Amino acid sequence: MAEARGGDGEPGAPGMGLELELEPEGGSLEVKLELVRGVEAKLEWDGLQSKVEGEKEEAMDGAELLEDGELPREPRVGSKRKLAMSSCETCGTEEAKYRCPRCMKCSCSLACVKKHKTELTCNGIREKTAFVSLKQFTEINLLSDYRFLEDIGRSADYVARDIFLKRPSTNKILNYMKNRARRCNIDLRILPIGFTKRRENTTVFDRKEQRFYWHLKLLFPQSHAEYVEKGVPGDKKLHEILRTYIDPEKSDPVIRQRLKAYVFSESGVQILMKIENMQHNLVRYYELDPCKSLIENLKDKVVIEYPTLHVVLKGSKNDMIILGQERNESTESFGSENPVLSSEEEGEIQESS
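Residues numbered from 1 in each chain as written. Predicted model: local features only at pLDDT ≥ 70, side-chain atom pairs only at ≥ 80, totals over all residues. Heavy atoms only, no water.

Colleague: Please provide a residue-by-residue account of the overall build of the protein chain, values included.
Modeller: Of regular secondary structure, the protein chain possesses 11 helices and 15 strands. Here the protein chain holds 353 residues, and the buried ones make up 24% of them. Considering only contacts within the protein chain whose residues lie at least 6 apart along the sequence, 40% involve residues at least 24 apart. Per element, the accessible surface of the protein chain, about 26,500 Å² overall, is 52% carbon and sulfur. (Helix = DSSP H or I, 4+ residues; strand = E, 2+ residues; numbered from the N terminus. Buried < 20%, exposed > 50% of the residue type's maximum accessible area, 1.4 Å probe, protein only. Contact = heavy atoms within 4.5 Å. Areas by Shrake-Rupley, 256 points an atom, 1.4 Å probe, with all protein chains shown as cover.)

This is how it looks when you write it as structure tokens:
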């Protein structure tokens, strides 16, 4: 028989110990391992039996048993952990599996995720600039802010390096378009960056086709309507442009219903364009020819960013004074104040004098 002991202290003392007993005569092998808190693990090689002795009940004291009698297992490091939620906040029946980074709503499936985005108008993207109080501020928030600043710096550096987004190239394109308009006797003027018309303008010049595609705004004051046409060819005639709006048969039904005052008008329409850079803040209008193309009507005129056409009914009372008609109106008013005398009236005046 051989005996071996190990550990710090006596065999009965608490701690980590190892006791080995060998009995070659009986052919038995006994290995005794003393663990912490007095728990002993004993292995006997006589019939291949093993048992655990010691203070097992004390080690299990305070622990909760599962339904099958096993001890609850602690989660391993790196293992996934379920959300501390009882049920899905969208359907309320299934167990929650996902949490939205933006509104922190919990969902159980892809269908519930899409449903909560539709109902709450949530895009599912975490709001990087959301307010976080000082008490709730953690290292995760600090890391998020740092990455956000890195993304901003990366975007600014990309814009600075991109040749096509630099301002000189944009000015070069605009100057080329102004030069092409000048060849057509059109004084095209571009507003500074930030103005509404500068932002809305989509006018371009096609170098292959050698023609303008205009951004055009149409105003119908009698119906209080406004429409925008993009990519209008410069050689397109004005009556063809208005055909999709006020033609009784070829116009859009929805637009036709709104512009019914123009559609069923017997007097016809006039196409006017405001004169830019008038002195003394006078407001006058050009009358355009509907049988001519847009580029022909814009000749010898000033266009700021894009043309704006006013479509009015003929004979309607409005405050729009057409260039050249103010002289006729002034002479008519002067004639009404000083009527022409007949020959008989002139003779009577001479006799009385």
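And the narrative resumes.
Colleague: Now, about a nonpolar patch on the surface: what can you tell me, with residues and values included?
Modeller: On the surface, a cluster of nonpolar side chains totalling about 400 Å² of accessible area is made up of V132, L134, F137 and L142. With respect to the secondary-structure elements, F137 resides in the loop between α2 (110-120) and α3 (139-161). A relative accessible area of 34% places F137 in the partly exposed class. (Patch = residues over 30% accessible without salt bridge, like charges linked within 9 Å, V, L, I, M, F, W, Y side chains within 5 Å. Salt bridge = Lys/Arg side-chain N within 4 Å of Asp/Glu carboxyl O.)

Colleague: So what's going on with the pattern of salt bridges? Residues and values would help.
Modeller: Side chains that differ in sign of charge can pair as their charged atoms come close. A complete count under the given rule lists nine salt bridges for this structure. In this structure, K217 engages E226 in a salt bridge whose closest nitrogen and oxygen atoms are separated by 3.6 Å. Given the relative accessible area of 15%, K217 is considered buried. In this structure E226 comes out as partly exposed when scored by relative accessible area, which is 47%. A cluster of three or more residues bridged by salt bridges with shared partners is formed by K128, D151 and R154.

Colleague: So what's going on with the side chain of T203? Which residues, and what values?
Modeller: By secondary structure assignment, the location of T203 is in the loop between α5 (196-200) and β9 (204-206). A polar side-chain atom of T203 sits 2.8 Å from a polar atom in the side chain of N201. A distance of 3.0 Å separates a polar atom in the side chain of T203 from the backbone nitrogen of H215. Apart from residues no more than four positions distant in its own chain, T203 is found in contact with M177, F212, Y213, W214, H215, E305 and Y306. (Polar contact = N/O pair within 3.5 Å; in protein donor to acceptor, adjacent residues only side chain to side chain.)

Colleague: Tell me what's going on with unusual backbone geometry, and back it up with residues and numbers.
Modeller: One non-glycine residue, H224, adopts positive backbone phi at about 55 degrees. In this structure, H224 sits in the loop between β10 (211-220) and β11 (225-233). Backbone geometry at D300 places phi at a positive 60 degrees, although glycine is not the residue there. Tracing the sequence through the fold places D300 in the loop between α9 (294-297) and β14 (301-304). Take D300: its relative accessible area is 64%, and that puts it in the exposed class.

Colleague: Quick rundown of the pairing of strand β8 (residues 186-189)? Include the residues and the values.
Modeller: Here β8 shows one buried face, formed by I186 and L188, and one open face, formed by D187 and R189. Inspection of the sheet shows β8 paired to β14 by four bridges, in the parallel sense. In the strand pairing of β14, D187 is matched with V302. (Pairing = 2+ DSSP bridges.)

Colleague: With reference to specific residues and values, describe the packing of aromatic side chains.
Modeller: Inspection of the entire model under this criterion finds seven aromatic pairs. On the basis of an interplanar angle of 75 degrees and a centroid distance of 6.0 Å, the ring pair of F220 and Y227 is categorised as edge-to-face. Both residues of the pair, F220 and Y227, count as buried. Relative to Y262, the ring of F220 has its centre 5.2 Å away and its plane inclined at 80 degrees; by these criteria the two rings are edge-to-face. Residue F220 is located in strand β10, and its partner Y262 is located in helix α8 (residues 260-263); the two are separated by 42 residues in the primary sequence. Judged by relative accessible area, which is 3%, Y262 ranks as buried. Through successive ring pairs, a cluster of aromatic residues spans Y176, F205, F212 and W214. Above the ring of Y306, the side-chain terminus of K197 is found at 4.7 Å from the ring centroid. (Phe/Tyr/Trp six-rings, centres within 6.5 Å; stacked < 30°, edge-to-face > 60°. Lys NZ or Arg CZ within 6 Å of the ring centre and 35° of its normal.)

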